[in-house]
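Fold and contact review
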Amino acid sequence: MGCLNESIARQTNAEDKCTGRFWEWRFKSQALLDEKAFAACMAYVDLNPIRANIAKTPEDSDYTSIQLRIRSAITAEQPRSLLSFVGDERLNMPKGLPFQLDHYLELVDWSGRHLDPRKRGTIAENTPPILERLGISPEYWLYLNRNFESRFKGLVGAVEAVRKACNLLNERWAQDVRDCHNFLSYPSSQLN
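These notes cover the structure that comes with them.

Conventions adopted
Residues numbered from 1 in each chain as written. Predicted model: local features only at pLDDT ≥ 70, side-chain atom pairs only at ≥ 80, totals over all residues. Heavy atoms only, no water. Phe/Tyr/Trp six-rings, centres within 6.5 Å; stacked < 30°, edge-to-face > 60°. Helix = DSSP H or I, 4+ residues; strand = E, 2+ residues; numbered from the N terminus. Buried < 20%, exposed > 50% of the residue type's maximum accessible area, 1.4 Å probe, protein only. Core = buried A, V, L, I, M, F, W, Y, C linked by side-chain atoms within 4.5 Å. Axes fitted to C-alpha atoms, helices over the stretch in contact; angles between N-to-C directions. Parallel < 35°, antiparallel > 145°, perpendicular 65-115°, else oblique. Left-handed = near helix turned anticlockwise from the far one by under 90°. Contact = heavy atoms within 4.5 Å. Polar contact = N/O pair within 3.5 Å; in protein donor to acceptor, adjacent residues only side chain to side chain. Expected span 1.5 Å × (residues − 1). Nonpolar A, V, L, I, M, F, W, Y, C, P; charged D, E, K, R; others polar. Salt bridge = Lys/Arg side-chain N within 4 Å of Asp/Glu carboxyl O.

1. Here we look at the packing of aromatic side chains
Counted under the stated rule, the structure contains 3 aromatic pairs. Here the aromatic rings of F85 and F99 are separated by 5.7 Å at their centres, their planes lie at 50°, and the arrangement is tilted. Taken together, the residues span a long stretch of sequence, with F85 in the loop between α5 (65–74) and α6 (101–112) and F99 in the loop between α5 and α6 at a distance of 14 residues. By the burial criterion, F85 is buried, and F99 matches it. Between F99 and Y104, the aromatic rings sit 6.4 Å apart at their centres with planes inclined by 20°, giving stacked as the arrangement. By the burial criterion, F99 is buried, and Y104 matches it.

Take a look at the structure:
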């Protein structure tokens, strides 16, 4: 680890006009040995803006992976820059995070309501649950997680997103638009 970080340490020490070990007072390096530790660390980092009272909810937390995942989930996409959630452990496990996105969202939402009272911010108790705030029915979400490939064949997303894509592609109609409406449409206030 020290060899990998030496050039970064020298550059940063020069910028900060200080001497000494780079990682000594700036960061801690921790080994995440299992899924529980990994989920706890991810949630901790994703809740930093809420803990600091910079954001009120995970979907408002700028520059976090959870905000990027939420924005992508609303349009039924996977952020290219982030490792995908692949579900529970099984044989021939694909590369990805070993849990489901909806479980992670609920974990972060629940955790954000129970932050240390000495910290500046928390998710307010009267804030609706995250799947409700995002306009995602838990029943539909579970159904989609089990039947996504068999249910959709072409464009997939909220009806508004499908219409925009059809316009860009000069298509007049999209297959499965009724299912997009039933399972993936969300209130227009969340288009921003």
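2. Describing the nonpolar core
Counting residues in hydrophobic clusters, the biggest one holds 23 residues, and the most contacted among them are I70, F85, Y104, L105 and L134. Secondary structure elements with two or more residues in this core: α3 (35–46), α5, α6 and α7 (130–133).

3. Some points on the packing of α5 against α6
Two measures define how a pair of helices packs: the angle their axes make with one another and the distance between the axes. Two elements in contact, α5 and α6, have axes separated by 12 Å at closest approach and are oriented at 130°. Compared by their axis directions, α5 and α6 come out oblique. Handedness of the crossing formed by α5 with α6: left-handed. Side by side, α5 and α6 meet where I66, R69, I70 and A73 of the first sit next to L101, Y104, L105 and V108 of the second.

4. Focus: the side chain of S111
Inspection of the secondary structure puts S111 in helix α6. One polar contact links the side chain of S111 to the main-chain carbonyl oxygen of L107, over a distance of 2.7 Å.

5. Describing α3
If you check α3, its first and last C-alpha atoms are 16 Å apart, about what 12 residues at 1.5 Å a residue would give, namely 16 Å. Buried positions along α3 lie against α4 (48–51), α5 and α6.

6. Concerning the side chain of T127
Looking at where T127 falls in the secondary structure, it is placed in the loop between α6 and α7. Classification of T127 by relative accessible area gives buried; the value is 17%.

7. Remarks on the packing of α3 against α6
Two numbers describe how α3 lies on α6: the axes approach to 10 Å, and their chain directions differ by 55°. Overall, the two elements α3 and α6 adopt an arrangement that is oblique. Considering the relative orientation of α3 and α6, their crossing is right-handed. Contacts between α3 and α6 involve A39, M42, A43 and D46 on the former and, on the latter, Y104, L107 and V108. When its residues are assigned to classes, the contact of α3 with α6 shows 6 nonpolar, no polar and 1 charged.

8. Considering the pattern of salt bridges
Opposite charge on two side chains lets them pair, provided their charged atoms get close. Counted by the stated rule, this structure contains 4 salt bridges. For R133, the salt bridge is made with E59, and the minimal N-O distance between the two is 2.6 Å. Separated by 74 residues along the polypeptide, R133 in helix α7 and E59 in the loop between α4 and α5 bring together distant segments of the chain. On the basis of relative accessibility, which here comes to 19%, the residue E59 falls in the buried class. For the salt bridge of D109 with R133, the shortest nitrogen-to-oxygen distance reads 2.9 Å. Of this pair, D109 sits in helix α6 while R133 sits in helix α7, placing them 24 residues apart in sequence. As far as the burial class goes, D109 and R133 line up, both buried. Residues joined in a network through salt bridges with shared partners are E59, D109, R113 and R133.

9. Observations regarding α5
α5 sits mainly inside the fold: 7 of its 10 residues count as buried. Positive phi appears at A76, one or two residues downstream of α5, with a value of about 55°.

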